[in-house]
Amino acid sequence: MDYDLLVRRGRVVDGSGLPSFVADVGVKNGKIVEIGRLKGSAGRTIDAEGLAVAPGFIDHHTHLDAQMLWDPYGTCEPQHGVTTVIMGNCGLALAPVKTGDEDSLVKSFVRVEAIPRFALEQGVKWAWHSYGEYLDNFEGKLGINVGGLVGHIAVRHHAMGEEAVERKATAKEVQQMRGLVLEAMEGGALGMSTNRNERHMREDGKPVSSRLADDDELFALCDVLADRNAGVIETILGRNKIEHFEFYRALAQRTQRPILWQSLQHRWAEPELWREQLDAVERIFRDGYQAYGLSHTVPLVRRFDLKNCQVFDEFPTWKNLFFLPEIVRKQALADPQTRQKMRNDLADPRPTNFHRRWDIVRVEKVVKPENQPYVGKTIAEMASMRGQDPLDAFLNLALDEDLATVFWNSNNGGDVEAMGEILRSPYVLIGTSDAGAHVQFGADFGYCTVLLGMWVRERRVMSLEQAIYKLTFHVASIFGLQDRGLLRPGFAADLTLFDPKTVNSYEPEWATDYPAGSKRLIQRSEGIHYTIVNGKVIVENGQTSGELPGQVLRGPLYRRQKAAA
Ligand SMILES: [Zn+2]
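Owing to the predicted nature of the structure, the values given are computational and were not obtained by experimental measurement. (Residues numbered from 1 in each chain as written. Predicted model: local features only at pLDDT ≥ 70, side-chain atom pairs only at ≥ 80, totals over all residues. Heavy atoms only, no water.)

*Asks:* I would appreciate a short explanation of the overall build of the protein chain in the present structure.
*Replies:* Scanning the protein chain from terminus to terminus reveals 19 helices and 25 strands. Computed over C-alpha atoms, the radius of gyration of the protein chain comes to 25 Å, within 12% of the 24 Å expected from 2.2 N^0.38 for 565 residues, which places it in the range of a compact globule. Considering only C-alpha atoms, the protein chain reaches an extent of 80 × 60 × 50 Å along its principal axes. Looking at the 565 residues of the protein chain, the share that counts as buried comes to 59%. For the protein chain, contacts bridging at least 24 residues in sequence account for 75% of all contacts bridging at least 6. Counting every atom, the protein chain has about 22,400 Å² of accessible surface; 48% of that belongs to carbon and sulfur. The distance from the centre of the 67 positive side-chain charges to the centre of the 75 negative ones in the protein chain is 1 Å. (Helix = DSSP H or I, 4+ residues; strand = E, 2+ residues; numbered from the N terminus. Rg over C-alpha atoms; globule rule 2.2 N^0.38 Å. Buried < 20%, exposed > 50% of the residue type's maximum accessible area, 1.4 Å probe, protein only. Contact = heavy atoms within 4.5 Å. Areas by Shrake-Rupley, 256 points an atom, 1.4 Å probe, with all protein chains shown as cover. Lys, Arg positive; Asp, Glu negative; His and termini not counted. Charge placed at Lys NZ, Arg CZ, Asp CG, Glu CD.)

*Asks:* Help me understand empty space enclosed by the protein, please; the structure alone is not making it clear to me.
*Replies:* Over the atoms rolls a probe the size of a water molecule, and in doing so it shows where empty space is left. Counted according to the given criterion, the structure contains one cavity of 30 Å³ or more. Its volume calculated, the largest cavity comes out at about 30 Å³. Residues that form the lining of the largest cavity fall into these classes: two nonpolar, four polar and one charged. (1 Å grid on protein atoms, 1.4 Å probe; cavity = no way out; pocket = protein on both sides within 12 Å on 5 of 7 lines; lining within 4 Å. Points joined across faces, edges and corners; volume = space filled by probe spheres on them. Nonpolar A, V, L, I, M, F, W, Y, C, P; charged D, E, K, R; others polar.)

*Asks:* It is not clear to me how the layout of surface pockets should be interpreted in this structure. Could you clarify?
*Replies:* Computed from the structure, the second largest pocket encloses a volume of approximately 330 Å³. If you go around the second largest pocket, you meet 13 residues; those closest to its centre are Q551, V552, L553, R554 and R559. Examining the composition of the lining of the second largest pocket, we find that three residues originate from one element, helix α19 (residues 556-564), more than from any other. Residue composition of the lining of the second largest pocket, by class: four nonpolar, two polar and seven charged.

*Asks:* Help me out: how do you make sense of the coordination of the zinc ion in this one?
*Replies:* Each protein donor to the zinc ion is listed here as H61 (NE2), H63 (NE2), C90 (SG) and D434 (OD); together their distances run 2.1 to 2.6 Å. Coordination geometry of the zinc ion: the four donor atoms subtend angles of 80 to 169° at the metal centre, consistent with an arrangement described as irregular. Coordination of the zinc ion draws on donor residues from a single chain, spaced H-x1-H-x26-C-x343-D in sequence. Separated by 371 residues along the polypeptide, H63 in the loop between β6 (57-59) and α1 (67-70) and D434 in the loop between β17 (428-430) and α16 (447-458) bring together distant segments of the chain. Each member of the pair, H63 as well as D434, is classed as buried. (Donors = N, O, S within 2.8 Å, 3.2 Å for Na, K, Ca; no water. Tetrahedral: all angles 85-135°; square planar, octahedral: opposite > 155°, others 65-115°.)

*Asks:* Please explain helix α6 (residues 171-187) as it appears in this structure.
*Replies:* Each α-helix turn comprises 3.6 residues. Residues three or four places apart therefore point the same way. Here α6 contains 17 residues, and its C-alpha end-to-end distance of 24 Å stays within 8% of the 24 Å for a straight helix at 1.5 Å per residue. Residues of α6 that are buried make contact with α4 (131-136), β9 (150-151), α5 (152-160), β10 (191-193), α7 (215-228) and α19. Following α6 by one or two positions, G188 has its phi on the positive side, about 125°. (Expected span 1.5 Å × (residues − 1).)

*Asks:* Just to check I follow, could you spell out the pairing of strand β21 (residues 518-522) for this structure?
*Replies:* The side chains of a regular strand alternate between the sheet's two faces. For β21, the tally of buried residues reaches four of five residues, placing the bulk of the element in the interior. Sheet topology note: the strand β20 (residues 509-514)/β21 ladder contains four bridges and is antiparallel. In the strand pairing of β21, E509 is matched with I522. Hairpin connection from β20 to β21: three residues lie between these consecutive antiparallel strands, with A516 at a positive phi of about 55°. (Pairing = 2+ DSSP bridges.)

*Asks:* Teacher, can you tell me more about the packing of α16 against helix α17 (residues 464-471) here?
*Replies:* To describe two helices that pack against each other, one gives the angle between their axes and the distance between the axes. The interhelical angle for the contact between α16 and α17, taken along N-to-C directions, is 160°, at an axis separation of 11 Å. Compared by their axis directions, α16 and α17 come out roughly antiparallel. Of the two possible hands of crossing, α16 and α17 adopt the one that is right-handed. Side by side, α16 and α17 meet where Y447, C448, L451, L452 and V456 of the first sit next to L464, A467, I468 and L471 of the second. (Axes fitted to C-alpha atoms, helices over the stretch in contact; angles between N-to-C directions. Parallel < 35°, antiparallel > 145°, perpendicular 65-115°, else oblique. Left-handed = near helix turned anticlockwise from the far one by under 90°.)

*Asks:* Help me understand unusual backbone geometry in this model?
*Replies:* Glycine aside, the phi torsion of most residues is negative, and most peptide linkages are trans. Cis geometry is found at the peptide bond from T75 to C76, where omega equals 15°. With respect to the helices, strands and loops of the structure, C76 is situated in the loop between α1 and β7 (82-87). For the bond from Q262 to S263, the omega torsion is -10°, close enough to zero to count as cis. Its location among the elements puts S263 in the loop between β12 (259-262) and α9 (273-286). Of note, the phi angle at D434 is positive, near 55°, even though the residue is not glycine. Judged by its relative accessible area of 17%, D434 falls in the buried class.

*Asks:* Hey, could you run me through the sheet that holds strand β13 (residues 291-295) in this one?
*Replies:* Pairing within the open sheet is parallel, and its six strands lie in the order β9-β10-β11-β12-β13-β17. Strand pairing shows two members of the sheet lacking a second neighbour, β9 and β17, which therefore form its edges. As paired elements, strand β11 (residues 232-234) and β12 share two bridges and run parallel to each other. Paired with I233 across the bridge in β12 is I259. Strand contacts of α9: β12, β13 and β17, with the helix running at about 150° to β13, the strand carrying the most contacts.

*Asks:* What should I look at first to understand the sheet that holds β7 in this one?
*Replies:* Backbone-to-backbone hydrogen bonds pair the strands of a sheet. The strands run either parallel or antiparallel. Strand order in the open sheet made by the three strands is β6-β7-β8, with parallel pairing throughout. Looking at the sheet topology across the chains shown, the edges are occupied by β6 and β8 (145-148). Within the sheet, the average angular offset between the axes of one strand and its neighbour, ignoring direction, is 20°. Note: β6 against β7, three bridges, orientation parallel. In the strand pairing of β7, F57 is matched with V82.

*Asks:* How do you make sense of the pattern of salt bridges when you look at a structure like this?
*Replies:* Side-chain pairs of opposite charge can arise where the charged atoms are in close proximity. Scanning the entire structure with this criterion turns up 39 salt bridges. With a closest N to O distance of 2.7 Å, R303 and E364 form a salt bridge. Taken together, the positions of R303 in strand β14 (residues 300-304) and E364 in strand β15 (residues 362-365) put the pair 61 residues apart, joining distant regions of the chain. E364 gets classed as partly exposed once you look at its relative accessible area, which sits at 29%. (Salt bridge = Lys/Arg side-chain N within 4 Å of Asp/Glu carboxyl O.)

*Asks:* I tried to follow helix α15 (residues 416-424) on my own but got confused; where do I start?
*Replies:* Those residues of α15 not exposed but buried are A418, M419, G420, I422 and L423. Capping of α15 at its N-terminal end is provided by D415; its side-chain oxygen lies 3.2 Å from the backbone amide nitrogen of E417. (Polar contact = N/O pair within 3.5 Å; in protein donor to acceptor, adjacent residues only side chain to side chain.)

*Asks:* Explain the nonpolar core to me, please; I cannot follow it from the model alone.
*Replies:* Side chains of a nonpolar character, in soluble globular proteins, are inclined to be buried together. Membership of the largest hydrophobic core comes to 132 residues, with the highest contact counts inside it found for F479 and F498. Broken down by element, the residue count for this core peaks at eight residues, all from α16. Not counting residues within four places of it along the chain, the set of residues in contact with F498 comprises L51, A52, A54, F57, L452, L464, I468, V503, G527, I528 and H529. Counting residues in hydrophobic clusters, the runner-up holds 30 residues, among them L346, V366, I379 and A393. (Core = buried A, V, L, I, M, F, W, Y, C linked by side-chain atoms within 4.5 Å.)

Function-wise, these values are silent; they only describe arrangement.
What follows is the structure, encoded as structure tokens:
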């Protein structure tokens with residue numbers, strides 16, 4: 001047999017960004033061996049005519065640290081063409097850990113990443129201490145490939161115990177943490193992550209431990225990666241501020257490692273911020289340092305009615321109204337004086353997430369037949385149809401329907417031109433799926449299929465070749481994943497076969513596949529025909545095969561040590 005697997009006559013989009021071409025791809029022993037017009041015999045042949053054949057997608061921003069322990073596929077990752085996931089982002093990881101400290105890590109995961117405590121308690125069997133041992137735990141048990149970053153939060157707890165959430169570290173503790181980071185890198189971590197987001201607390205209301213680290217501590221830990229010339233540094237600093245770029249520059253310049261920062265997206269509330277961010281990051285790259293911004297492909301959309309609504313929580317008068325009993329709330333919403341206060345709230349110029357624009361909020365669903373003409377219209381359009389002021393029109397319609405009218409709003413990712421520029425930027429790393437996190441609030445497993453369906457096919461913001469490059473080789477290069485992200489002889493046979501004419505994501509839906517049947521949101525896809533990991537088909541038309549060909553992808557320090565030994 002010449003090949004274990006032969007993929008015939010697909011359109012090869014090889015991950016490099018070069019123009020695609022029709023060819024066969026021959027696979028043997030988990031690797032790509034030949035691409036072109038192939039004549040040999042094969043154990044299995046897949047007819048890929050009409051399909052794109054791309055390297056498997058690499059989801060670099062996940063919080064699957066726990067889920068991968070009970071779900072070897074990281075469902076729904078491969079259903080969207082993902083063959084490799086990276087865990088340990090935003091400072092959170094399940095290692096290193098000392099016996100007795102496990103719950104400090106759980107407390108952080110439960111709140112910051114909103115993973116049900118019950119699922120963590122049932123699903124995580126703490127059979128490791130070091131980061132390397134944690135990774136060992138996955139060997140032979142994976143459907144997809146897994147790599148990880150070592151989390152600052154875990155490192156700090158290991159060195160300081162519960163005092164990690166109370167105070168600055170001593171010089172001795174910083175030294176200890178440096179040792180733990182080095183040990184994790186030697187054990188196979190792909191880098192380190194940290195978290196300074198002012199909103200990130202533990203379950204008990206205490207800040208996550210990395211928030212108590214000063215610059216000296218953080219830089220000392222990052223120096224370990226610089227000294228060894230290995231790994232990425234992933235950061236989350238909280239609300240986007242232009243001042244943060246001084247910090248990214250300092251860190252990138254000092255370590256000469258790739259810095260990843262969150263996040264770069266068009267937001268209606270600050271419609272110019274993305275451009276300032278892109279300009280700032282371009283200056284860092286021009287000077288020769290790497291500071292990649294993370295961006296998302298899925299616009300943040302919320303549907304709401306005025307029975308149950310959090311969209312306006314940033315405005316005190318509005319927020320209070322939504323805590324009133326419905327009958328009282330309806331009276332207040334009809335009251336001209338209350339309306340004036342609501343108007344004043346919206347006019348207050350302080351920065352908010354809500355954009356305060358009635359030409360963006362839309363009517364999605366009405367109750368009364370006579371209101372049908374407003375469906376799909378923006379509040380501004382509906383107001384002019386009714387000859388009313390927009391706020392009055394919005395409230396009057398809702399009151400007329402007993403608050404059951406459904407509205408649609410999007411704060412982020414809505415401006416096509418801006419999003420096109422962001423997604424195309426060479427300084428932007430696409431993907432903040434947060435897979436494995438916020439599992440009862442949303443599911444963005446589909447950021448790759450959304451890129452290919454909405455942004456490439458429908459909105460044409462970039463070519464298919466460029467999009468595939470962004471989902472594969474771009475990521476593999478930055479994270480130092482050897483032999484992945486390109487279709488080339490000698491590279492791992494991680495492949496995604498999809499139909500560019502139909503590929504897309506569905507709306508998230510509820511599932512009960514977490515430990516002990518706990519609820520979470522999943523997301524299905526369309527147009528992904530086959531997902532292949534290390535030469536084995538793991539998903540065929542939405543169904544997983546049961547094969548476990550996934551590998552633990554360990555970082556450069558581990559590989560160097562192994563090569564030396
Ligand atoms: Zn994250």
